[in-house]
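Coordinates in review
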Amino acid sequence: MNTTYDFAFSKQGYNHIKSGIVCQDSSGHYSDDSMAVVVVADGHGSDNYPRTDKGSSFAVEATITAIGEFVKTVEDNAIDISEDSDSYLEQLAKKILANWYEAVDADLKKYPFSEEELSKVSDKHKKRYMSGQRQEKAYGTTLIAACQTNNYWFGLQIGDGKCVCISQDGSTYEPIPWDDDCQANITTSICDSEAIEEFRYCFMKECPVATLMGTDGIDDSYANSEEMYVLYRSILAIFAEHGRETGESEIREFLPGLSRKGSGDDVSIAGIVSSTLPISFIEVLKAQCEYSNAKAYRDLSDREVTLAAEKHEYMLSVMKKAKANYEFCVQKVTEAQEAIAIAQRTLEDAIKRFEAAETALSSAVTFYQSNIISEEPDKVAVEMATIVTEHTVKETATMEQEKVVTQDSVYEASVMGQPALIETDEVKTAEEEYTDNTVCTHEENTPPATEIIQVADNDE
């Protein structure tokens, strides 16, 4: 088609370059006098899809081939696909899947899986691949394609990524319905067993001014869709004003920086843009871009003001709490200082008391040691006196008992009419002798009085 420019570019993502991972995106374009076709495909990043880069490349080739055949068939047979576009486009999707599976099977026959290739694959998938089951999973990829002819436009998609069209009035829209099953890192895929049911389609009789599409590496590099639309308007304006060569050069230089500053993922862009736009429309595009950029800048500034205000309020709250904590800490420091002063005075009193007690103890010990020698004789004398006294008491008690016995004997003898064995004078003599013996106990070791009495009895 001489009235449009078609292009497609894929660049390895910044994170993949750092990690040494091959580019898993693929893109392609084709045009002739009757049609222009653009395709992008995004291979799955999981280790369980070891041949996903090949899968995305096969999908692009299979799609371009199938769409070329489809358009030629429609033209040759003068088919009005608008009457049942979804049914015709579903047949096209089936042809794309058949072409893709054919390419996958041929690759598997030529390059069977090896243990080394599957070293990072989970055990579940590895067992499946090595046993020949669902081996197409290893080639999984998303797909977006669009075709523009002189009479109609259609697009189809499976998985994530965005297709954006720009209309004659400069407005932007996404013609292909979105799939709610595509969330975060989860996406439908051409390798799914029910892939044909997961394709989405769009058919239009009126062709847009521009069709631009990108893999999710493009989408994820922008905060919202409006910012992404600015990119696509800018691309259209560059191509329309400066031509294909400048437009393609700008895109090639832009994509690596977008990945580095944005998603870090592989990025692909493809498009069909009008080459015959009037200058006034180009100016409108430029104004729209400037408006969108200014709006985005205003919104960004507004968010920054809001964030700054929230931060200001937060810091005031922090300062209020900090002030309260500071005053509390000052109070506690003052109390601690007072406690230190009291403790210091208590310590000083304790030291004085300890020193006085230490002096008293030392004096007492010294006094005790100086008097212990002089106290020893007195202690011995007291002990000896105690022993003598105890002994004397015992001896006196014995004599009293013997005296009673003697008196009883005399009494008994007088009663019986017999002479007494011991006279009163003899008892007295014995007592006197006992007294003399007791006094001389420790000096002459004289036998006790009992022995003297016994001797007297024997003499009798």
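Below is a short write-up of the structure. None of these values were measured; they are calculated from a predicted model.

To locate leftover empty space, one rolls a probe as large as a water molecule over the atoms. Counting across every chain of the model gives one cavity of 30 Å³ or more. In this structure, the largest cavity is lined by Gln157, Gly161, Lys162, Cys163, Glu174, Ile176, Pro177, Trp178 and Arg200.

Turning our attention to helix α2 (residues 52–76). The end-to-end C-alpha distance of α2 is 36 Å, a good match for the 36 Å that 25 residues give at a rise of 1.5 Å each. Positive phi appears at alanine 78, one or two residues downstream of α2, with a value of about 50°.

Strand order in the open sheet formed by five strands is β1-β10-β9-β6-β7, with antiparallel pairing between adjacent strands. Where the open sheet ends on each side, the last strands, each with one partner, are β1 (4–11) and β7 (172–173). Bridge count for strand β6 (residues 162–166) against strand β9 (residues 210–214) is five bridges, and the pairing is antiparallel. The residue bridging cysteine 165 from the neighbouring strand is threonine 211, located in β9.

Our focus in this paragraph is the layout of surface pockets. Of the volumes computed, that of the largest pocket is approximately 620 Å³. Asp160, Ala184, Asn185, Thr187 and Asp216 are, among the 30 residues lining the largest pocket, the residues nearest its centre. The residue inventory of the lining of the largest pocket, partitioned by class, reads eight nonpolar, 13 polar and nine charged. One number sums up the size of the second largest pocket: a volume of about 390 Å³. Along the walls of the second largest pocket sit 17 residues, with Ile21, Gln24, Asp47, Tyr49 and Pro50 positioned nearest its centre. Counted by class, the lining of the second largest pocket contains five nonpolar, six polar and six charged residues.

This part is about the pattern of salt bridges. Enumeration according to the criterion identifies 16 salt bridges in this entry. Between glutamate 90 and lysine 94 there is a salt bridge; the shortest N-O distance is 3.9 Å. Separated by four residues within a single helix, glutamate 90 and lysine 94 lie in helix α3 (residues 85–110), roughly one turn from each other. According to the relative accessible area criterion, lysine 94 is partly exposed, its value standing at 39%. Residues glutamate 241 and lysine 286 are paired through a salt bridge, measuring 2.8 Å at the closest nitrogen-oxygen approach. Here glutamate 241, found in helix α7 (residues 225–261), pairs with lysine 286, found in helix α8 (residues 279–416); they are 45 residues apart in sequence, far enough to count as distant. On the basis of relative accessibility, which here comes to 38%, the residue glutamate 241 falls in the partly exposed class. Taken together, the shared-partner salt bridges connect Arg51, Lys54, Asp107 and Glu117 into one network.

About the thresholds
- Residues numbered from 1 in each chain as written.
- Predicted model: local features only at pLDDT ≥ 70, side-chain atom pairs only at ≥ 80, totals over all residues.
- Heavy atoms only, no water.
- 1 Å grid on protein atoms, 1.4 Å probe; cavity = no way out; pocket = protein on both sides within 12 Å on 5 of 7 lines; lining within 4 Å.
- Points joined across faces, edges and corners; volume = space filled by probe spheres on them.
- Helix = DSSP H or I, 4+ residues; strand = E, 2+ residues; numbered from the N terminus.
- Expected span 1.5 Å × (residues − 1).
- Pairing = 2+ DSSP bridges.
- Nonpolar A, V, L, I, M, F, W, Y, C, P; charged D, E, K, R; others polar.
- Salt bridge = Lys/Arg side-chain N within 4 Å of Asp/Glu carboxyl O.
- Buried < 20%, exposed > 50% of the residue type's maximum accessible area, 1.4 Å probe, protein only.

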